[in-house]
Amino acid sequence: ITSASLSAAAGAGKAGNVAVAVNNGMLSLSNGGQITATTVAGEGPDGGDADSDADAGSVSVSAKALTLDSGATITAATSGTGNAGNVSVNGDTVTVMGTDSVTPDAQQTAISSASAAVGANAGKAGNVTVNVGSLALANGGLIAATTVDGMGSNDNGGAITLVLARMKFSRS
């Protein structure tokens, strides 16, 4: 099953929250599949960049079994001055399997909250919570809460909370 959900806002509107619940079933995202809530900076009326001061929504996913591979993502993100939302994943087993690709354009397989805005007023990343019985991270699959800015923002990444019975790291 490949699933994609997008909630986006440019300008002053907040992105909506995204909730996906698969009761007693399996959810599989692959080949760049996404569940995301994001705000993006766009083009202003004068043709220049228009900043988005809106916050991204939060993302919540629950499934008995969840698999992400080949560039699939569950994320809340911002590229403006608004903050990224929180991300929570709940279930029995979660596998996040990255790709073996080393090309610069390869999408990382991830559960994340991220701010990729530029400037002193860049938004902050939200928090990521993973509450599962078993978590497997393989081939560079990752869990992240990051703020990336090269222009003077002092904002920290969000917090990552892992509540697990088992965790496995591997590289195939």
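Each value, and the rule that gives it
Residues numbered from 1 in each chain as written. Predicted model: local features only at pLDDT ≥ 70, side-chain atom pairs only at ≥ 80, totals over all residues. Heavy atoms only, no water. Helix = DSSP H or I, 4+ residues; strand = E, 2+ residues; numbered from the N terminus. Buried < 20%, exposed > 50% of the residue type's maximum accessible area, 1.4 Å probe, protein only. Contact = heavy atoms within 4.5 Å. Patch = residues over 30% accessible without salt bridge, like charges linked within 9 Å, V, L, I, M, F, W, Y side chains within 5 Å. Areas by Shrake-Rupley, 256 points an atom, 1.4 Å probe, with all protein chains shown as cover. Salt bridge = Lys/Arg side-chain N within 4 Å of Asp/Glu carboxyl O. Pairing = 2+ DSSP bridges. Axes fitted to C-alpha atoms, helices over the stretch in contact; angles between N-to-C directions. Core = buried A, V, L, I, M, F, W, Y, C linked by side-chain atoms within 4.5 Å.

Caption draft 1: Spotlight on the overall build of the chain. Helices and strands together make up the secondary structure of the chain, namely 0 helices and 12 strands. Helices (α) and strands (β) of the chain occur, in sequence order from the N terminus, as β-β-β-β-β-β-β-β-β-β-β-β. A buried classification covers 42% of the 172 residues belonging to the chain. The contacts in the chain between residues at least 6 apart in sequence include a share of 77% that link residues at least 24 apart.

Caption draft 2: Geometry of a nonpolar patch on the surface. A cluster of nonpolar side chains, I160, L162, M167 and F169, forms an exposed patch at the surface whose accessible area comes to about 380 Å². Considering the arrangement of structural elements, one finds L162 in strand 12 (residues 160-170). In this structure L162 comes out as partly exposed when scored by relative accessible area, which is 37%.

Caption draft 3: Structural detail: unusual backbone geometry. The residue S70 is not glycine, and still its phi comes out positive at about 50 degrees. Here S70 is to be found in the loop between strand 6 (59-69) and strand 7 (73-78). You can call S70 partly exposed: its relative accessible area is 32%. Phi angles above zero are rare outside glycine, and N139 is one such case at about 50 degrees.

Caption draft 4: Broad picture of the sheet that holds strand 8 (residues 87-97). Reading across the sheet, the 5 strands line up as 2-6-8-10-12 and stay open at both edges, with parallel pairing between neighbours. Taken across any chain shown, the strands that pair with only one partner, and hence form the sheet edges, are strand 2 (18-29) and strand 12. Strand-to-strand twist across the sheet, computed as the mean angle between neighbouring axes with direction ignored, equals 10 degrees. Here 10 bridges tie strand 10 (residues 128-138) to strand 12, and the two strands are oriented parallel to one another. In the strand pairing of strand 12, N131 is matched with V163.

Caption draft 5: Highlighting the nonpolar core. Counting residues in hydrophobic clusters, the biggest one holds 26 residues, and the most contacted among them are I35, V59, V61, L66, I74, V94 and I111. Those elements giving two or more residues to this core turn out to be strand 2, strand 3 (34-39), strand 6, strand 7, strand 8, strand 10 and strand 11 (142-147). Those residues in contact with L66 that lie beyond four places of it in its chain are L27, V61, I74, V89, T93, V94 and T95.

Caption draft 6: Region of the structure containing the environment of L137. Checked against the element boundaries, L137 lands in strand 10. As a C-alpha pair, L137 and R171 span 34 residues in sequence and 8.6 Å in three-dimensional space. Ignoring anything within four residues of it in the chain, the contact list for L137 reads V96, I143, M167, K168, F169 and S170.

Caption draft 7: Highlighting the pairing of strand 8. By the bridge criterion, 10 bridges tie strand 6 to strand 8 in an arrangement that is parallel. Looking across to strand 8, one finds that T67 is bridged to T95. When strand 8 meets strand 10, the two strands line up parallel, connected through 10 bridges. For V87, the partnering residue across the bridge sits in strand 10 and is V128.

Caption draft 8: Structural view of the side chain of T73. Take T73: it is sitting in strand 7. With relative accessibility at 6%, the residue T73 sits in the buried group. Not counting chain neighbours up to four residues away, the residues in contact with T73 comprise L29, G33, Q34, I35, L68, Q107, Q108 and A110.

Caption draft 9: Up close: the pairing of strand 7. Among the 6 residues of strand 7, 6 are classified as buried, and the element is accordingly described as predominantly covered. What you see with strand 7 is no split at all: T73, T75 and A77 on one side and I74, A76 and T78 on the other are buried throughout. Strand direction decides the pairing type here: strand 3 and strand 7, joined by 6 bridges, are parallel. Paired with Q34 across the bridge in strand 7 is T73. The pairing of strand 7 with strand 9 (residues 110-115) spans 6 bridges and is parallel. Bridging from a neighbouring strand, A76 pairs with S113 of strand 9.

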